[in-house]
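Below, each chain spelled out in residue letters.
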Amino acid sequence: MIHPSMASAAASLRLRLALPEVSAPSPAALRFPLRCRRRVSRPLAITAFKKLSEASSVPIPQEPTQPLVDEDALPPKPGVYGVYDPAGELQFVGISRNVRASVEGHRRKVPADLCASVKVAVADEETPDRTVLNNAWKSWMEEHIAATGKAPPGNVAGNYTWVGAPQRPPDLRLTPGRHVQLTVPLEQLINRLVKENKVVAFIKGSRSAPQCGFSQRVVGILEAQGVDFVTVDVLDEEHNHGLRETLKTYSNWPTFPQIFVGGELVGGCDIISSMAEKGELAALFQK
Amino acid sequence: MGVTKEDVEAAITSALSPSHLVVTDTSGGCGASYEIEVVSEKFEGKRLLERHRMVNTALSPHMAEIHAVSIKKALAPAQASPAPAPAPAGARRR
(Lines give C-alpha, C1' and ligand atoms only; values in the text may rest on other atoms or scores of the structure.)
Protein backbone atom coordinates (compact mmCIF):
# COMPACT_ATOMS: atom_id res chain seq x y z
CA MET A 1 0.00 0.00 0.00
CA ILE A 2 1.30 3.43 -0.72
CA HIS A 3 -0.01 6.56 0.82
CA PRO A 4 0.44 10.15 -0.07
CA SER A 5 0.35 12.40 2.90
CA MET A 6 -1.11 15.80 2.75
CA ALA A 7 0.24 19.04 4.07
CA SER A 8 -2.29 20.85 6.16
CA ALA A 9 -2.69 23.94 4.02
CA ALA A 10 -5.48 22.70 1.87
CA ALA A 11 -6.46 25.92 0.23
CA SER A 12 -2.98 26.77 -0.93
CA LEU A 13 -2.79 23.52 -2.88
CA ARG A 14 0.72 23.00 -1.80
CA LEU A 15 0.48 19.26 -1.88
CA ARG A 16 3.53 17.92 -0.28
CA LEU A 17 4.06 14.47 -1.63
CA ALA A 18 5.97 12.84 1.11
CA LEU A 19 5.40 9.36 -0.12
CA PRO A 20 6.78 6.49 1.84
CA GLU A 21 8.13 3.39 0.18
CA VAL A 22 6.23 1.99 -2.74
CA SER A 23 5.49 -1.58 -1.86
CA ALA A 24 6.49 -2.97 -5.24
CA PRO A 25 9.12 -0.65 -6.63
CA SER A 26 9.25 -1.00 -10.35
CA PRO A 27 11.69 0.96 -12.43
CA ALA A 28 9.65 -0.08 -15.41
CA ALA A 29 10.00 2.17 -18.38
CA LEU A 30 6.96 4.24 -19.14
CA ARG A 31 4.95 2.90 -21.97
CA PHE A 32 3.25 5.73 -23.71
CA PRO A 33 0.05 5.19 -25.55
CA LEU A 34 0.88 5.07 -29.24
CA ARG A 35 -0.43 8.48 -30.04
CA CYS A 36 1.80 10.06 -27.43
CA ARG A 37 4.97 8.49 -28.54
CA ARG A 38 5.96 11.21 -30.89
CA ARG A 39 5.40 13.96 -28.36
CA VAL A 40 7.60 13.04 -25.48
CA SER A 41 7.18 16.39 -23.76
CA ARG A 42 3.50 15.75 -23.18
CA PRO A 43 2.76 15.62 -19.46
CA LEU A 44 2.37 12.13 -18.10
CA ALA A 45 -0.82 10.65 -16.78
CA ILE A 46 -3.10 13.31 -18.12
CA THR A 47 -5.22 10.84 -19.99
CA ALA A 48 -4.40 7.77 -17.96
CA PHE A 49 -6.87 8.20 -15.09
CA LYS A 50 -10.52 9.01 -14.76
CA LYS A 51 -11.33 12.16 -12.87
CA LEU A 52 -12.72 11.79 -9.36
CA SER A 53 -16.09 13.14 -10.49
CA GLU A 54 -16.19 10.67 -13.38
CA ALA A 55 -15.40 7.57 -11.37
CA SER A 56 -18.39 5.53 -10.31
CA SER A 57 -19.04 4.67 -6.71
CA VAL A 58 -18.61 1.09 -5.49
CA PRO A 59 -20.17 0.07 -2.15
CA ILE A 60 -18.00 -1.44 0.57
CA PRO A 61 -19.86 -4.12 2.58
CA GLN A 62 -19.98 -3.22 6.28
CA GLU A 63 -19.57 -6.77 7.53
CA PRO A 64 -15.91 -7.79 7.34
CA THR A 65 -16.99 -11.34 6.56
CA GLN A 66 -18.87 -10.20 3.49
CA PRO A 67 -16.64 -10.27 0.45
CA LEU A 68 -15.78 -7.12 -1.47
CA VAL A 69 -17.46 -6.50 -4.81
CA ASP A 70 -16.03 -8.42 -7.74
CA GLU A 71 -12.71 -7.65 -9.31
CA ASP A 72 -14.17 -5.85 -12.30
CA ALA A 73 -15.46 -3.08 -10.08
CA LEU A 74 -12.53 -3.13 -7.66
CA PRO A 75 -9.51 -4.55 -9.48
CA PRO A 76 -6.30 -5.75 -7.86
CA LYS A 77 -4.41 -3.24 -9.97
CA PRO A 78 -2.42 -0.05 -9.50
CA GLY A 79 -4.43 3.13 -9.32
CA VAL A 80 -5.94 5.91 -7.27
CA TYR A 81 -8.93 5.51 -4.98
CA GLY A 82 -11.12 7.63 -2.74
CA VAL A 83 -13.05 6.26 0.22
CA TYR A 84 -16.40 7.81 1.22
CA ASP A 85 -18.31 7.63 4.48
CA PRO A 86 -22.02 6.72 4.60
CA ALA A 87 -22.95 10.40 4.24
CA GLY A 88 -21.05 10.57 0.98
CA GLU A 89 -18.18 12.66 2.34
CA LEU A 90 -14.80 11.88 0.85
CA GLN A 91 -12.64 10.68 3.74
CA PHE A 92 -9.39 9.63 2.15
CA VAL A 93 -7.61 9.56 -1.19
CA GLY A 94 -4.87 7.02 -1.64
CA ILE A 95 -2.78 5.41 -4.33
CA SER A 96 -1.74 1.83 -4.40
CA ARG A 97 -0.07 -0.89 -6.44
CA ASN A 98 -3.12 -2.98 -5.64
CA VAL A 99 -6.21 -0.90 -5.08
CA ARG A 100 -8.35 -3.85 -4.06
CA ALA A 101 -5.92 -4.96 -1.38
CA SER A 102 -5.60 -1.44 -0.01
CA VAL A 103 -9.34 -1.00 0.25
CA GLU A 104 -9.57 -4.37 1.96
CA GLY A 105 -6.90 -3.19 4.40
CA HIS A 106 -8.76 0.03 5.17
CA ARG A 107 -11.98 -1.88 5.69
CA ARG A 108 -10.33 -3.94 8.38
CA LYS A 109 -8.45 -1.16 10.16
CA VAL A 110 -10.58 1.95 9.76
CA PRO A 111 -13.86 2.41 11.67
CA ALA A 112 -16.81 1.23 9.57
CA ASP A 113 -18.55 4.61 9.81
CA LEU A 114 -15.79 6.02 7.60
CA CYS A 115 -15.81 3.34 4.90
CA ALA A 116 -19.07 3.03 3.01
CA SER A 117 -18.06 3.27 -0.61
CA VAL A 118 -15.06 3.79 -2.80
CA LYS A 119 -14.27 5.36 -6.15
CA VAL A 120 -11.46 3.87 -8.15
CA ALA A 121 -9.47 4.75 -11.23
CA VAL A 122 -6.92 2.19 -12.29
CA ALA A 123 -3.90 2.88 -14.46
CA ASP A 124 -3.87 1.84 -18.10
CA GLU A 125 -0.52 0.23 -17.63
CA GLU A 126 0.22 -2.74 -15.47
CA THR A 127 3.25 -1.19 -13.78
CA PRO A 128 2.90 2.56 -13.93
CA ASP A 129 5.76 4.74 -12.82
CA ARG A 130 5.44 6.12 -9.33
CA THR A 131 5.24 9.66 -10.70
CA VAL A 132 2.22 8.69 -12.72
CA LEU A 133 0.45 7.49 -9.59
CA ASN A 134 1.55 10.53 -7.63
CA ASN A 135 0.18 12.82 -10.30
CA ALA A 136 -3.10 10.97 -10.33
CA TRP A 137 -3.36 11.34 -6.58
CA LYS A 138 -2.52 15.01 -6.82
CA SER A 139 -5.11 15.70 -9.46
CA TRP A 140 -7.84 13.91 -7.46
CA MET A 141 -6.87 15.90 -4.39
CA GLU A 142 -6.90 19.13 -6.32
CA GLU A 143 -10.22 18.31 -7.88
CA HIS A 144 -11.74 17.60 -4.48
CA ILE A 145 -10.25 20.69 -2.85
CA ALA A 146 -11.41 22.86 -5.73
CA ALA A 147 -14.93 21.49 -5.29
CA THR A 148 -15.18 21.55 -1.50
CA GLY A 149 -12.41 23.86 -0.32
CA LYS A 150 -10.87 21.29 1.96
CA ALA A 151 -8.74 18.18 1.89
CA PRO A 152 -10.22 14.80 2.83
CA PRO A 153 -9.78 14.44 6.61
CA GLY A 154 -7.74 11.26 6.25
CA ASN A 155 -5.16 13.08 4.14
CA VAL A 156 -4.54 15.90 6.56
CA ALA A 157 -1.09 15.71 8.11
CA GLY A 158 -1.14 14.06 11.52
CA ASN A 159 -4.25 11.99 10.85
CA TYR A 160 -3.16 8.40 11.30
CA THR A 161 -6.54 6.75 10.82
CA TRP A 162 -5.75 5.62 7.30
CA VAL A 163 -2.01 5.58 7.16
CA GLY A 164 0.07 4.50 10.11
CA ALA A 165 2.21 6.98 11.97
CA PRO A 166 5.65 7.26 10.43
CA GLN A 167 8.04 4.72 11.84
CA ARG A 168 10.92 6.06 13.78
CA PRO A 169 14.19 4.86 12.41
CA PRO A 170 15.86 2.32 14.68
CA ASP A 171 18.90 3.18 16.73
CA LEU A 172 22.16 2.66 14.91
CA ARG A 173 24.60 0.07 16.16
CA LEU A 174 28.31 0.41 15.85
CA THR A 175 29.11 -3.29 15.87
CA PRO A 176 27.25 -6.51 15.11
CA GLY A 177 27.74 -7.69 18.68
CA ARG A 178 30.29 -8.30 21.37
CA HIS A 179 31.27 -11.70 20.06
CA VAL A 180 32.62 -10.17 16.86
CA GLN A 181 36.27 -9.17 16.95
CA LEU A 182 36.59 -5.68 15.50
CA THR A 183 39.07 -5.27 12.68
CA VAL A 184 39.09 -1.49 12.88
CA PRO A 185 39.36 0.67 15.98
CA LEU A 186 36.14 1.93 17.50
CA GLU A 187 37.24 5.54 16.88
CA GLN A 188 37.19 4.84 13.19
CA LEU A 189 33.67 3.45 13.37
CA ILE A 190 32.53 6.52 15.28
CA ASN A 191 34.27 8.76 12.80
CA ARG A 192 32.62 7.09 9.85
CA LEU A 193 29.20 7.13 11.49
CA VAL A 194 29.23 10.85 12.30
CA LYS A 195 30.47 11.73 8.82
CA GLU A 196 28.00 9.56 6.98
CA ASN A 197 24.99 10.84 8.89
CA LYS A 198 24.27 14.52 8.92
CA VAL A 199 22.83 14.64 12.42
CA VAL A 200 23.75 12.01 15.00
CA ALA A 201 22.66 11.95 18.62
CA PHE A 202 24.55 9.67 20.98
CA ILE A 203 22.05 9.11 23.74
CA LYS A 204 21.45 7.01 26.80
CA GLY A 205 18.71 4.59 25.88
CA SER A 206 16.86 4.15 22.64
CA ARG A 207 15.25 6.82 20.56
CA SER A 208 11.76 5.68 21.44
CA ALA A 209 12.62 5.23 25.11
CA PRO A 210 15.54 7.40 26.20
CA GLN A 211 16.73 6.43 29.65
CA CYS A 212 17.97 9.79 30.80
CA GLY A 213 16.17 13.09 31.05
CA PHE A 214 18.81 14.98 29.11
CA SER A 215 18.76 12.49 26.26
CA GLN A 216 15.00 12.60 26.20
CA ARG A 217 15.04 16.38 25.98
CA VAL A 218 17.46 16.34 23.08
CA VAL A 219 15.44 13.76 21.16
CA GLY A 220 12.35 15.88 21.75
CA ILE A 221 14.05 19.04 20.49
CA LEU A 222 15.44 17.34 17.39
CA GLU A 223 12.07 15.80 16.57
CA ALA A 224 10.36 19.14 17.08
CA GLN A 225 12.80 20.64 14.59
CA GLY A 226 11.69 18.05 12.09
CA VAL A 227 15.26 17.24 11.24
CA ASP A 228 16.32 13.80 10.05
CA PHE A 229 18.62 12.36 12.63
CA VAL A 230 19.92 9.02 13.79
CA THR A 231 20.51 7.92 17.35
CA VAL A 232 23.07 5.65 18.91
CA ASP A 233 22.41 4.13 22.32
CA VAL A 234 25.60 4.46 24.38
CA LEU A 235 24.16 2.12 26.99
CA ASP A 236 23.85 -0.74 24.52
CA GLU A 237 26.69 -2.87 25.81
CA GLU A 238 26.02 -5.61 23.32
CA HIS A 239 26.33 -3.59 20.12
CA ASN A 240 28.14 -0.47 21.27
CA HIS A 241 30.52 -1.95 23.79
CA GLY A 242 33.15 0.54 24.93
CA LEU A 243 31.48 3.41 23.11
CA ARG A 244 31.00 5.61 26.16
CA GLU A 245 34.66 5.86 27.07
CA THR A 246 35.89 5.99 23.48
CA LEU A 247 33.44 8.67 22.49
CA LYS A 248 34.35 10.88 25.44
CA THR A 249 37.92 10.86 24.24
CA TYR A 250 37.03 11.16 20.57
CA SER A 251 34.89 14.23 21.11
CA ASN A 252 36.68 15.63 24.16
CA TRP A 253 33.32 15.91 25.86
CA PRO A 254 32.60 14.29 29.20
CA THR A 255 28.88 13.64 29.14
CA PHE A 256 25.93 12.34 27.16
CA PRO A 257 23.95 13.07 25.11
CA GLN A 258 26.32 14.29 22.42
CA ILE A 259 25.01 15.73 19.20
CA PHE A 260 27.08 15.74 16.03
CA VAL A 261 26.18 17.71 12.94
CA GLY A 262 28.19 17.27 9.76
CA GLY A 263 30.79 15.21 11.62
CA GLU A 264 31.40 17.79 14.35
CA LEU A 265 30.30 17.87 17.93
CA VAL A 266 27.79 20.65 18.54
CA GLY A 267 27.36 19.92 22.20
CA GLY A 268 25.19 18.27 24.77
CA CYS A 269 21.77 18.93 26.14
CA ASP A 270 22.55 22.40 27.52
CA ILE A 271 23.95 23.67 24.25
CA ILE A 272 21.20 22.16 22.11
CA SER A 273 18.55 23.52 24.46
CA SER A 274 19.97 27.00 24.46
CA MET A 275 20.39 26.98 20.68
CA ALA A 276 16.80 25.83 20.32
CA GLU A 277 15.62 28.64 22.58
CA LYS A 278 17.51 31.19 20.54
CA GLY A 279 16.27 29.74 17.28
CA GLU A 280 19.76 28.88 16.11
CA LEU A 281 19.16 25.22 15.38
CA ALA A 282 17.41 25.65 12.04
CA ALA A 283 20.42 27.47 10.62
CA LEU A 284 22.70 24.77 11.95
CA PHE A 285 20.80 22.01 10.18
CA GLN A 286 20.61 23.92 6.93
CA LYS A 287 24.35 23.94 6.48
CA MET B 1 28.72 12.46 48.04
CA GLY B 2 31.45 14.80 48.97
CA VAL B 3 31.29 17.53 46.38
CA THR B 4 29.84 20.67 47.85
CA LYS B 5 28.64 23.82 46.20
CA GLU B 6 31.75 25.47 47.59
CA ASP B 7 33.98 22.88 45.92
CA VAL B 8 32.35 23.58 42.58
CA GLU B 9 32.64 27.32 43.05
CA ALA B 10 36.27 27.08 44.07
CA ALA B 11 37.15 24.88 41.09
CA ILE B 12 35.56 27.26 38.62
CA THR B 13 36.91 30.37 40.31
CA SER B 14 40.48 29.14 40.24
CA ALA B 15 40.30 28.00 36.61
CA LEU B 16 38.26 30.77 35.03
CA SER B 17 38.42 33.73 37.44
CA PRO B 18 34.80 34.57 36.62
CA SER B 19 33.28 38.00 37.02
CA HIS B 20 29.93 36.38 37.72
CA LEU B 21 29.27 32.92 39.09
CA VAL B 22 26.12 31.28 40.30
CA VAL B 23 26.18 27.66 41.36
CA THR B 24 22.88 26.09 42.32
CA ASP B 25 22.59 22.70 43.93
CA THR B 26 19.71 21.03 42.11
CA SER B 27 20.23 17.62 43.62
CA GLY B 28 17.99 18.19 46.58
CA GLY B 29 20.85 17.86 49.02
CA CYS B 30 22.99 14.94 47.93
CA GLY B 31 25.45 17.17 46.13
CA ALA B 32 25.38 15.32 42.84
CA SER B 33 23.65 17.79 40.58
CA TYR B 34 24.42 21.42 39.91
CA GLU B 35 23.34 24.26 37.72
CA ILE B 36 25.99 26.75 36.81
CA GLU B 37 25.98 30.26 35.41
CA VAL B 38 29.35 31.75 34.73
CA VAL B 39 30.68 34.88 33.08
CA SER B 40 34.40 35.10 32.50
CA GLU B 41 36.83 37.12 30.42
CA LYS B 42 38.52 33.87 29.50
CA PHE B 43 35.50 33.02 27.37
CA GLU B 44 36.13 35.97 25.06
CA GLY B 45 36.23 34.83 21.43
CA LYS B 46 35.51 31.20 22.28
CA ARG B 47 32.69 29.19 20.78
CA LEU B 48 29.95 27.95 23.07
CA LEU B 49 31.28 24.43 22.79
CA GLU B 50 34.74 25.60 23.84
CA ARG B 51 33.34 27.60 26.73
CA HIS B 52 31.44 24.59 28.00
CA ARG B 53 34.57 22.48 27.63
CA MET B 54 36.48 24.93 29.80
CA VAL B 55 33.90 24.63 32.54
CA ASN B 56 33.92 20.85 32.23
CA THR B 57 37.69 20.78 32.42
CA ALA B 58 37.65 22.94 35.52
CA LEU B 59 35.26 20.50 37.14
CA SER B 60 36.92 17.32 35.91
CA PRO B 61 38.50 16.44 39.28
CA HIS B 62 35.02 16.43 40.80
CA MET B 63 33.08 14.92 37.91
CA ALA B 64 33.46 11.38 39.13
CA GLU B 65 31.24 12.24 42.07
CA ILE B 66 28.84 14.58 40.35
CA HIS B 67 26.03 12.98 38.47
CA ALA B 68 24.81 15.94 36.50
CA VAL B 69 26.02 19.41 35.73
CA SER B 70 23.88 21.78 33.77
CA ILE B 71 25.68 24.81 32.40
CA LYS B 72 22.96 27.39 32.08
CA LYS B 73 25.19 30.21 30.94
CA ALA B 74 28.81 30.43 29.95
CA LEU B 75 29.32 33.90 28.63
CA ALA B 76 32.05 36.40 28.00
CA PRO B 77 31.47 39.75 29.75
CA ALA B 78 30.58 41.43 26.45
CA GLN B 79 27.82 38.87 25.84
CA ALA B 80 26.53 39.00 29.38
CA SER B 81 25.86 42.74 29.28
CA PRO B 82 25.23 43.66 25.68
CA ALA B 83 26.01 47.19 24.56
CA PRO B 84 23.30 49.58 25.74
CA ALA B 85 20.57 50.07 23.20
CA PRO B 86 21.00 53.15 21.04
CA ALA B 87 19.07 56.18 22.21
CA PRO B 88 15.61 56.23 20.71
CA ALA B 89 15.17 58.48 17.72
CA GLY B 90 14.05 61.91 18.75
CA ALA B 91 15.77 61.81 22.13
CA ARG B 92 18.20 64.68 21.66
CA ARG B 93 20.83 65.76 24.06
CA ARG B 94 20.42 69.34 25.19
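The rules behind these values
Residues numbered from 1 in each chain as written. Chains lettered and ligands numbered in written order. Predicted model: local features only at pLDDT ≥ 70, side-chain atom pairs only at ≥ 80, totals over all residues. Heavy atoms only, no water. Helix = DSSP H or I, 4+ residues; strand = E, 2+ residues; numbered from the N terminus. Axes fitted to C-alpha atoms, helices over the stretch in contact; angles between N-to-C directions. Left-handed = near helix turned anticlockwise from the far one by under 90°. Contact = heavy atoms within 4.5 Å. Bend = angle between axes of the 7 residues up to and from the residue. Buried < 20%, exposed > 50% of the residue type's maximum accessible area, 1.4 Å probe, protein only. Phe/Tyr/Trp six-rings, centres within 6.5 Å; stacked < 30°, edge-to-face > 60°. 1 Å grid on protein atoms, 1.4 Å probe; cavity = no way out; pocket = protein on both sides within 12 Å on 5 of 7 lines; lining within 4 Å. Points joined across faces, edges and corners; volume = space filled by probe spheres on them. Nonpolar A, V, L, I, M, F, W, Y, C, P; charged D, E, K, R; others polar. Pairing = 2+ DSSP bridges.

Participant: What is the right way to read the environment of L74 of chain A from this model?
Facilitator: Mapped onto the elements, L74 of chain A comes out in the loop between β1 (57-59) and β2 (79-84). L74 of chain A sits 16 residues away from V58 of chain A along the chain, and the two C-alpha atoms are 7.7 Å apart.

Participant: In this structure, what is going on with the packing of helix α6 (residues 269-277) of chain A against helix α2 (residues 48-63) of chain B? I would like to understand it.
Facilitator: Two measures define how a pair of helices packs: the angle their axes make with one another and the distance between the axes. Axis separation between α6 of chain A and α2 of chain B bottoms out at 11 Å; the angle between their running directions is 145°. In the packing of α6 of chain A onto α2 of chain B, the handedness of the crossing is right-handed. From α6 of chain A, D270, I271 and S274 of chain A reach across to α2 of chain B, where they touch L48, L49 and H52 of chain B.

Participant: Got a minute to help me understand α2 of chain B in this structure?
Facilitator: The sharpest bend along α2 of chain B comes to roughly 35°, located at T57 of chain B, with the proline P61 of chain B sitting one to four residues further on. Buried within α2 of chain B we find L49, R51, H52, R53, M54, V55, N56, A58, L59 and M63 of chain B.

Participant: Looking at this structure, how should I read the packing of aromatic side chains?
Facilitator: Aromatic rings in a pair are described by how distant their centres are and how their planes are angled relative to each other. Residues and elements named next belong to chain A. Counted by the stated rule, this structure contains four aromatic pairs over all chains. A centroid spacing of 6.3 Å and a plane angle of 55° characterise the contact between Y81 and F92, whose relative ring orientation is tilted. Of this pair, Y81 sits in strand β2 while F92 sits in strand β3 (residues 90-96); the two residues are 11 residues apart in sequence, bridging distant segments of the chain. Note on Y81: relative accessible area 0%, which makes it buried. An angle of 40° between the planes, with centres 6.2 Å apart, marks the rings of Y250 and F260 as tilted.

Participant: Explain the layout of surface pockets to me, please; I cannot follow it from the model alone.
Facilitator: Where empty space is left can be seen by rolling a probe of water-molecule size over the atoms. Size it by volume and the second largest pocket reaches roughly 480 Å³. Considering the residues around the second largest pocket, the lining is formed by 23 residues, among which T255 and F256 of chain A together with H67, A68 and V69 of chain B are closest to the centre. Residue assignment for the lining of the second largest pocket shows that the elements contributing at least two residues are α5 (243-251) and α6 of chain A together with α2 and β3 (68-75) of chain B. Across the lining of the second largest pocket, the residue classes tally to 14 nonpolar, five polar and four charged.

Participant: What exactly am I supposed to notice about the sheet that holds β2 of chain A here?
Facilitator: Picture the strands of a sheet paired through backbone hydrogen bonds; they go either parallel or antiparallel. Residues and elements named next belong to chain A. In spatial order, the strands read β1-β4-β2-β3; together these four strands make up an open sheet with antiparallel pairing. At either margin of the open sheet sits one strand with a lone partner, and together these are β1 and β3. Sheet twist, expressed as the average angle between the axes of neighbouring strands with direction ignored, equals 25°. As paired strands, β2 and strand β4 (residues 117-122) are joined by six bridges and run antiparallel to one another. Residue pairing across strands places Y84 opposite S117, the latter belonging to β4. Of the strands in this sheet, β2, β3 and β4 touch helix α1 (residues 99-109), which is tilted by about 25° from β2. Strands β2, β3 and β4 of the sheet are contacted by helix α2 (residues 130-148), whose axis makes an angle of about 165° with β3.

Participant: Sorry if this is basic, but what is going on with the sheet that holds strand β6 (residues 230-233) of chain A here?
Facilitator: Residue and element names in this part refer to chain A. Taken in spatial order, the four strands of this open sheet run β6-β5-β7-β8, and their pairing is mixed. Of all the strands in the sheet, the pair left with one neighbour each is β6 and β8 (264-267). Across this sheet, the average inter-strand angle for adjacent strands is 30°, counted without regard to direction. In the packing of helix α3 (residues 186-196) onto the sheet, contacts are made with β5 (199-203), β6 and β7 (258-261), and the angle to β5 comes to roughly 135°. Across the sheet, α5 touches β5, β6, β7 and β8, and the angle it forms with β7 is around 55°.

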